[in-house]
Amino acid sequence: SKKRKDTSDTWALSGSVGGRLLPLDPLFSQDEKYILVASRNSILVYSTVDSLLYRRIDPGQDEIVSCFALSKVDPNKIFVGTTKGKIIEANWINGTTGDTFKLGSRIISIAVSKTRSAKNDIVDFVDVEEPTETQRLKIWKICRWNRSAAEEKPHVLLARPKSLKEIQVRDSGRVIIAPFERQLLCLLAPTSNHAQEQAKEVEWYQVEAPDFIVSLDAKVPTSAVSGPSKNKATATSTVPVVDVAIGTIRGQIYIYDDILSKLVDMDKSKEKKPAGEASKLSPRLLHWHRGPVNTTKWSLDGNYIISGGNETVMMLWQLQTGKRQELPHLTSAIDSATVSPSGTAYGIQLADNSIIVLSTAELQPTAHVSGIQTLISPQIEYELPDLKTVATEQSKEQDSFDASEQIPALLRPDEPNLLLAAVPASQPWTEPSSLTRSKPFLQTYNMSTAQNISRQALTRNNATYFITGPEGNRLGEPDIKFIAISANSRWLATVEEWAPPRLDLEFTSIKDDPASMLNERGIRLESYLKFWRWDKQNNEWALETRIDTPHMFPDNTTPARILDLVADPTRPEFVTTGQDGHIRIWRARQRFRENGVAVRTPAGGPLITWSAKRTVELESPVHEVEDGFTIRLKPSTARLAHSHDGSLIASCHEYAGHEGYSISRFIDPTTGEVVHSRPDLFTSGLAGVGFVSKYLVVLSDSLTVWNLIDDDLHYQYQLNSHLRMPRFLAVNDTSDTFAIALPYWKKGKKYRVAIFHTSKPEPVFVSKRLDTVTALLSVPQQSGYVFLNDQA
Amino acid sequence: MDVHRSRFVPYPPSAIHALAFSQPSGNSKDTAREDTLRLAVGRANGDIEIWNPLKGTWFHETTFRGGKDRSVEGLAWIQEPDETEEDGSVTAGQLRLFSIGYSSSVTEWDLATGLPLRHSSGNASEVWCLAAQPRWEKKGPPRDGEFRGQNIIAGCADGTLALLSTASNDLAFQRYLTRPTKKQARCLCVTFQSRDIVVAGFADSAIRVFDIRNGSLVRQVSLGSGPTGGPKEILVWSVKCLPNGDIMSGDSTGEVRFFDSKHYSQLQRLSAHEADVMAVDVSRDGETAFSTGTDRRTVTYRLAAAKGGSKRRFWSRISHQRHHSHDVKALAAYDGKNMSIFASGGTDTDLYIHPIRGHGEEYSRSISGLPRNPPVSAAQASRLLVSWWDREVLIWKIHKDSRQLENHKLMAKVALKGEENIASVSLSANGKILAVATAAEVKMFRLQIRAIPPSQTLRIRKIETPKALQTRGARYVELSPDCKWLAVLKHNNDVQLCRLVHDEQGAVEVLPTVLNLERHPAQDVNSMFSSLSGNYERTITNMQFSYDSRVFVTSDLSGSIDSWVLKGHEDVTAPQVDVDDSASSDSDSDDDDEQAEITFLGQRWWHIESLHKIPKLESTPIILTFRPTLDEKKAPEPNGNPALHPTRHNPHPQPHDVPGGDYRLIVLTARHQLYEFDPLSGRITDWSQRNTTATLPAEFKKYRDRAMGAMWHVTPKWERLWLYGTSCVYMFDMSQDFESENGPAQTNGETEGDRHKKRKRPEVQRALQVGTSGAGSKKKESEVMGYGRKMRKLSTGADGKKPAWVKVEQETQSEEDDSDAVGEGLKPIRSDVDDSDEEEKVNDEDAVKERGPTKFWFTYKYRPILGIVPLSEQVDSGERDFKSRGQDGDVLEVVLIERPPWDLDLPPPFVGVHERD
């Protein structure tokens, strides 16, 4: 989510915008004009006609949504479950919230059915009890709560220490199907009337599943649901026909026809044990997916199954002919899918935090909704087993080499509502989340209207391609490390990096020597600096110039990593610094022929190329190892800042392991001369540097505010946090303030944002406990700040 | 044991092109026919193998040899109508086997001789498919003159369908159902829907239905045009009919279709395969169907329950598996009471047996395509190794030093003239005589190693054989250890013995007179009337000489063992051949006259009388081997003139000296029962009484593949019997008793016959059989596809009783069977402890001293095994240096020949190898 602070004298935290959608099935309204989705903070109702946000239902202060379901009695009503154990009734048409019931400790899934009289809703939900002193295990409970008897406590149907993702309730609450990791539990509730149900003991059928279940759909064939019309006695005494399709973590889909009656038969005949009875339970197997089947759904008529996984392909299985139809190249992995009530549309939630509505006939998208797609680290309640899958291999790949501290993001100076952020292709819920996923795309998001504007690939990427190497490893994509935008918003500079995966380099490096691996990967680093021009006609960034390996070590063969990129606030110029210790100032130059006529592009515009106007060679410190042997140190971290008037560049270089050499320099961008340097502005843990009026703010293990005019320390804080998590600094010249985001530990990683005014050493605002911050931005020409957290 | 693990023998197993069960899937009442259930496997080299399922044991009975450029492309069994005797007893009809190859003829095989019986070439065009009419069933009052046999229908390349009559035990062209069409669309497959209606699939995307009574075309069903981008015509590769008459077809688009039985309208089509569907079949109840094809998949379908009020039931594709490593061409199903299986085979030469009823709960079983009669032999003394296939014999020399890179050398290659494949080869123990048998003749060669430094060469010279051997072929030849006798098994199962005479120069002469051995008549009268003809049951599968060549035994499929003893002493002064034709009127008769008593050099073979005969065994003996004795007590050679010379009163004196040696014959049957007999007395030995089959080690009992061969390694410390199958090597120390698990064997005064009856269905069979349908053993709980077969009820009630698991399966297997599913080709067979360690232990002297000699040992390390042959422990003077380990004779040296599947020279599969499983 994204929050901002207001400008007035009193600072305050605004509401969040554009959070991550929960991995729940989106729900269609009965008339299919609206689709309901859930984010952590609210239930969002989007129109399927124009993809605009129609309504937003907030469950209340400090409540975090975990699940929701439509009422079966009143289609305008929804039930929202929260992580604080509350179930909230709300009307999504008018946005009013109704009654709130405290029913459990943490509700993670909810399913609604109606009583046979169709007067009341039966709400079945999954409640998670955290371990206590007496109870060591987390307990998942399936509870039933009858809306009409609101005062009564919910009735616990089952409590188990195994994790559970969702429950499915069918046939007026008579059937509950619940996947407990490797087990499938089916409840056939006694055929009593609703009032007496709670007192009765209920029996569950438990069968071992062939594999870990990640998705499940139970279907009661339409013809079988003829309950009220028939004689009630016979309708309730027979076992309902329930077809179950489950998707497993290894990609198989198993279909069990009429599972419930078989289980009942087996139970009844357990003394007799007729031969061949067991094979009746044998399923049908559909196997196309390689990875987990994130979602499996029956079509309305029961002739098809639709499934989706991390392959970005939606599969339609025609069961009678064995044919399958594929809808490939969705932009991202599929997290969940639903079929609309009339069967004319599929609502598909993609793992890039977006939802598309497809018409079933043409498979064409009719609506598209997207939130902010930046990296997230959500807490998934349903614990997946540690499989040797592509994804886990991928996570082993990660190392400090790529650990980016800040998500590359910025706000457009001409339209401060537009957030530009580097985003990954997809983050499916079945893959371990990681904040080090590579981010090859640029998303533009309007924060005021909570709308996705565009998504553009900045590097080569393989979002929808065959993404597995021969050893089963994921093929890596280049990662956008830095983005910067010129003051007139016409130019965008991006820095991307790519290095071969570790597996491919194992043979070159010394075994078990991370340094050698690092070295080998460094040699093969691909580093690009790209300059993009804003193309107004097509509303996209057009690549103007690509600089290969903008920084190179003095040997002229080894590429150097770029450590920071900033834009000049006055001119279309960008400044980079790299591990080679140099600073380069890049400038656009219009090409002219010898006769002075401007060279034009085929489109008619002036041909502009970017090149390094000036290279400032900073002297690298020389460190004496013993015996007079010396090495030239490489900076491990560097931060640049441009003064507001563009007259001065501040550069801070840190040499990891050699704190004494840390140095801050001030450079005149016109001449490229180092006008001043100071060794004492910071020591280690450099995180950010910025100019605020006459002060230079340096955030490292300490917070230093330096008076440039007097060349004197204004004030300094020693920060005692030793958490190895990134800190963030953003400066706002409009309000003479700067903001820092600092991590601290309190039952997990937490962040706190503090805003300082240059005039006084005390913060003017300190926020409450926040989730992990991934970027902190200052709003241009305004006095606010925006930060992104790991819930997007 | 010193093992030369060799892969140099380039034995090419042959692809499976056709499969046929001798019985149609019977109803559950009819279990009798399972006794005569055989699987005929037709291979690309023209061989037809007959396998006996034997309730899941699957052992190879016999092979009908093919020849050059012959191939078996289709097989069909029929059974003559049962005959009801006047007293009401029913005699089952005879089984008859027909095959087609790449020719225009249909061949009938003589099951007893293994030779083609008759051909029918009614058409000039190649026959592509054949099918047998279903058996006649009594419906309503019998009509006079109604044909009750099963006719054969053959589909040809020019699109004709020819009906062949099998009446009066003949095979004759009867009529054409269709004439060649203009398009000449090949008829690719044919099957009977009922006794009168034939369904045939053609290469012009059509299935046509004919009435064989009048040859009219009942209906033509078009499958439409092929998929876009592919060929226009769909090839209908396979059609089969369900019990209700519905038609199932598999075609070149990878689709399986179902058609209505009455209107021939398409009911359903399922795209199941990624490439051509080559074969389809259905279960007896019509609820399960299978298909297989060039994408190597075996797909199972099941008829789903009717849903939602409609009565119509749809087929659904349950799952597919990929067992084969290459294109699959043939499929055959048998679904009876005790066995419910289907077999598949293809280019990868392996046969797979899949469960039908136990689908998903039992493993499929793989049966290696390597022959069960090891086509290798070795001469211990000269270190020669002989291998053969088709029409070629290769002779190798194995060097002692395994440290050399190249420790084997191809010495000679003998290519036989003629078309017939080699049936059997025997190499004498001294490596000097080679006997080769084909269906046409028996040839003998003399081998001489000549050392021409730096290498040795082998000189091969033909030995003149008697006329009787030249003109008629043989199934099996065996040279006696002393190289004086050649036993020849004729195709009609007559056993002949030839006497070889050696002169000082080493030249060999075969005496022209050939002795016909007389066998005991079939003991079991019933077998004469079984549907597998009694002659077939009498097919001899094993012949064995004792170590001193004075006892000769044969065994046949029915389990009878015949034995002969050589009486008298050899005397070179005696007449070479002395024919006592006193009992016979025709003095000129030689080999045809069974009554003539022939004495060779004072010695005569004497058939052991019925009184002392080894009792008939319950199942076919697969291994006959004499237990060697280390310290052979040489009977004192009578000096002077030991042979009886003719006198006036006794012109044909008969020697009566019975050799005094201690003969113990070890017999291993197809059920892996182990017996030891004294062939002279016909009695079971004391050792065998103590060590019944039940006391065999459990690991051996669990082994599913049958043993193929045996070797002995006898030292003063142990008497080791090494047995091997296609994937396993076992060692038993026969000098010790197996530990009896059920207490000491009872030794009261039962007769042997009683005892045999008591031992029926020993444990080993039960462990393998119970609860399975004839394919592999039960899967482990965790490997069963789909939900586990266990279910339990959980209740939230307060009674606190623990919910019990309800296992929805018959409690059929003990726990240990669950955990050990050895013998499966599909899953890694449980890795035995460390092989090398184990092997050391076997030979480690200290360990032997501590624990006593190892009683039992086995390994699954080597596979698939083509054969193991022992090499001599005799050490030539020049090679003594390598004799490092232990005392002389402590080390058994063998050549173990493996033919791993990746070593086979197979054409590229139809569907690319890059495809991931």
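Residues numbered from 1 in each chain as written. Chains lettered and ligands numbered in written order. Predicted model: local features only at pLDDT ≥ 70, side-chain atom pairs only at ≥ 80, totals over all residues. Heavy atoms only, no water.

From N to C terminus, chain B includes ten helices and 61 strands. Of all 917 residues assigned to chain B, the portion counted as buried reaches 59%. Put simply, chain B shows about 38400 Å² of open surface, and 47% of that area lies on carbon and sulfur atoms. (Helix = DSSP H or I, 4+ residues; strand = E, 2+ residues; numbered from the N terminus. Buried < 20%, exposed > 50% of the residue type's maximum accessible area, 1.4 Å probe, protein only. Areas by Shrake-Rupley, 256 points an atom, 1.4 Å probe, with all protein chains shown as cover.)

Before going further, it helps to examine the confidence of the model for chain A. Regions with low pLDDT carry predicted coordinates that are not meant to be interpreted in detail. All names here are of chain A. With 88% of its residues at a pLDDT of 70 or more, chain A has an overall mean of 82. Across residues 194-199, where pLDDT falls below 50, the model places eight contacts with residues more than four positions away in sequence or in other chains. Contacts from residues 273-278, a stretch scored under 50 in pLDDT, to residues over four places away or in other chains number twelve contacts. (pLDDT = per-residue confidence, 0-100. Contact = heavy atoms within 4.5 Å.)

The next thing to look at is the pattern of salt bridges. Residues and elements named next belong to chain B. For the structure shown, the criterion picks out 60 salt bridges over all chains. Arg213 serves as the salt-bridge partner of Asp196, at 3.0 Å between the closest nitrogen and oxygen. Of this pair, Asp196 sits in the loop between β16 (187-192) and β17 (197-202) while Arg213 sits in the loop between β18 (206-211) and β19 (216-222), and the two are 17 residues apart along the sequence. (Salt bridge = Lys/Arg side-chain N within 4 Å of Asp/Glu carboxyl O.)

Taken together, Val625, Phe629 and Ile631 of chain A make up a surface patch of nonpolar side chains, about 250 Å² in accessible area. Note on Val625 of chain A: relative accessible area 32%, which makes it partly exposed. (Patch = residues over 30% accessible without salt bridge, like charges linked within 9 Å, V, L, I, M, F, W, Y side chains within 5 Å.)

Here Pro901 of chain B lies in the segment after β61 (893-898). Residues Pro901 of chain B and Ser368 of chain B lie 533 residues apart in sequence; the distance between their C-alpha atoms is 9.4 Å.

Glancing now at the UniProt feature "repeat: WD" (unreviewed entry) in chain A. As annotated by UniProt and renumbered to match this structure, "repeat: WD" (unreviewed entry) occupies residues 286-327 of chain A. Counting secondary structure, residues 286-327 of chain A comes out at 0% helix and 55% strand; the distance between its end C-alpha atoms is 17 Å. (UniProt positions renumbered as here; feature names shortened; annotations may be inferred.)

Per the stated rule, a full pass over the model turns up 39 aromatic pairs over all chains. With a centroid separation of 5.5 Å and an interplanar angle of 50°, the aromatic rings of Phe574 of chain A and Trp610 of chain A are classed as tilted. Separated by 36 residues along the polypeptide, Phe574 of chain A in strand β39 (residues 573-578) and Trp610 of chain A in strand β41 (residues 608-617) bring together distant segments of the chain. By relative accessible area, which is 0% here, Phe574 of chain A ends up buried. Aromatic ring contacts, followed pair by pair, group Trp485, Phe545, Phe552, Trp564, Phe600 and Trp605 of chain B into a single cluster. Looking at Arg55 of chain A, its charged tip hangs above the ring of Tyr54 of chain A, at a distance of 5.0 Å from the centre. In this structure, Arg546 of chain A packs its charged tip against the face of Tyr528 of chain A, placed 4.1 Å from the ring centre. (Phe/Tyr/Trp six-rings, centres within 6.5 Å; stacked < 30°, edge-to-face > 60°. Lys NZ or Arg CZ within 6 Å of the ring centre and 35° of its normal.)

For the rest of this paragraph, the subject is the domain arrangement of chain B. Residues and elements named next belong to chain B. Domain assignment breaks chain B into domain 1 (18-137 + 148-367), domain 2 (375-517) and domain 3 (520-630 + 647-690). Taken together, the contacts link 26 residues of domain 2 with 27 residues of domain 3. Both sides of the domain 2 and domain 3 interface together cover about 2300 Å² of buried area, and 66% of this is carbon and sulfur. Together, Trp485, Thr513 and Leu517 form the three largest contributors to the area buried by domain 2 at its contact with domain 3, with a combined 23%. Here domain 2 is connected to domain 3 by zero salt bridges. Of all the secondary-structure elements, those providing two or more residues to the side of domain 2 that touches domain 3 are β40 (476-479), β41 (485-489), β42 (495-502) and β43 (508-517). Among the elements that line the side of domain 2 that touches domain 3, the one with the most residues is β43, at six residues. Classifying every residue of the side of domain 2 that touches domain 3 gives 16 nonpolar, five polar and five charged. (Domains from an automatic or database assignment. Buried area = accessible area lost by both parts, 1.4 Å probe. Nonpolar A, V, L, I, M, F, W, Y, C, P; charged D, E, K, R; others polar.)

All right, on to the domain arrangement of chain A then. All names here are of chain A. Along its sequence, chain A is organised into domain 1 (393-561) and domain 2 (720-792). Contacts between the two partners involve twelve residues from domain 1, matched on the other side by 14 residues from domain 2. For the pair domain 1 and domain 2, the summed buried area comes to about 1000 Å², and 74% of that belongs to carbon and sulfur atoms. Across the contact surface, domain 1 and domain 2 share zero salt bridges. Taken together, the links from domain 1 to domain 2 amount to one residue pair in polar contact (both at pLDDT 80 or more). Per element, the largest residue contribution to the side of domain 1 that touches domain 2 is three residues, and it comes from strand β30 (residues 409-411). For the side of domain 1 that touches domain 2, the per-class residue count stands at nine nonpolar, one polar and two charged. (Polar contact = N/O pair within 3.5 Å; in protein donor to acceptor, adjacent residues only side chain to side chain.)

Together, Glu83, Glu85, Glu86 and Asp87 of chain B give the surface a local cluster of negative charge. Structurally, Glu83 of chain B can be placed in strand β7 (residues 83-84). (Lys, Arg positive; Asp, Glu negative; His and termini not counted. Charge placed at Lys NZ, Arg CZ, Asp CG, Glu CD.)

To continue, consider the side chain of Glu63 of chain A. Residues and elements named next belong to chain A. Locating Glu63 in the fold gives a position in the loop between β5 (53-57) and β6 (65-70). On the basis of relative accessible area, Glu63 is assigned to the buried category, the value being 7%. Here the side chain of Glu63 touches Thr82 through a polar contact of 3.0 Å, side chain to side chain. Only 2.9 Å separates the side chain of Glu63 from the side chain of Lys86, close enough to count as a polar contact. Residues within four places of Glu63 in sequence aside, it is in contact with Arg40, Thr82, Lys84 and Lys86.

Residue and element names in this part refer to chain A. Spatially, four strands are ordered β22-β23-β24-β25 in an open sheet, and the strand pairing comes out antiparallel. In this open sheet, the two edge strands, each paired with only one partner strand, are β22 (293-298) and β25 (324-327). Direction aside, neighbouring strands of the sheet carry axes that sit 20° apart on average. Sheet topology places strand β23 (residues 304-309) next to strand β24 (residues 314-318); five bridges connect them, and they run antiparallel. Directly across from Ile305, in β24, lies its bridge partner Trp317. (Pairing = 2+ DSSP bridges. Axes fitted to C-alpha atoms, helices over the stretch in contact; angles between N-to-C directions.)

Every buried residue of helix α5 (residues 514-523) of chain A is accounted for by Ser516, Met517, Glu520, Arg521 and Gly522 of chain A. Elements in contact with the buried residues of α5 of chain A: α4 (502-505) of chain A.

Residues and elements named next belong to chain B. One open sheet accounts for four strands, arranged β16-β17-β18-β19; its pairing is antiparallel. Lying at the two open borders of the sheet, with one neighbouring strand each, are β16 and β19. The sheet shows a mean angle of 20° between the axes of neighbouring strands, direction not considered. As defined by bridge partners, β16 adjoins β17 across five bridges and the pair is classed as antiparallel. Note on β17: the bridge partner recorded for Thr191 is Val199.

Unusually for a residue other than glycine, Ser489 of chain A sits at a positive phi of about 65°. By relative accessible area, which is 2% here, Ser489 of chain A ends up buried. At Ser168 of chain B, a position not held by glycine, the phi torsion is positive, near 45°. In this structure, Ser168 of chain B sits in the loop between β14 (161-165) and β15 (172-178).

It is worth spelling out the nonpolar core at this point. Counting residues in hydrophobic clusters, the biggest one holds 29 residues, and the most contacted among them are Phe738 and Ile740 of chain A. Residue assignment for this core shows that the elements contributing at least two residues are β49 (695-699), β50 (702-707), β52 (728-732), β53 (737-745), β54 (749-757), β56 (773-778) and β57 (785-789) of chain A. Here this core takes five residues from β54 of chain A, the largest share from any one element. In terms of nonpolar packing, the next biggest core, distinct from the first, is built from 25 residues, Leu668, Tyr703, Val714 and Phe738 of chain B among them. (Core = buried A, V, L, I, M, F, W, Y, C linked by side-chain atoms within 4.5 Å.)

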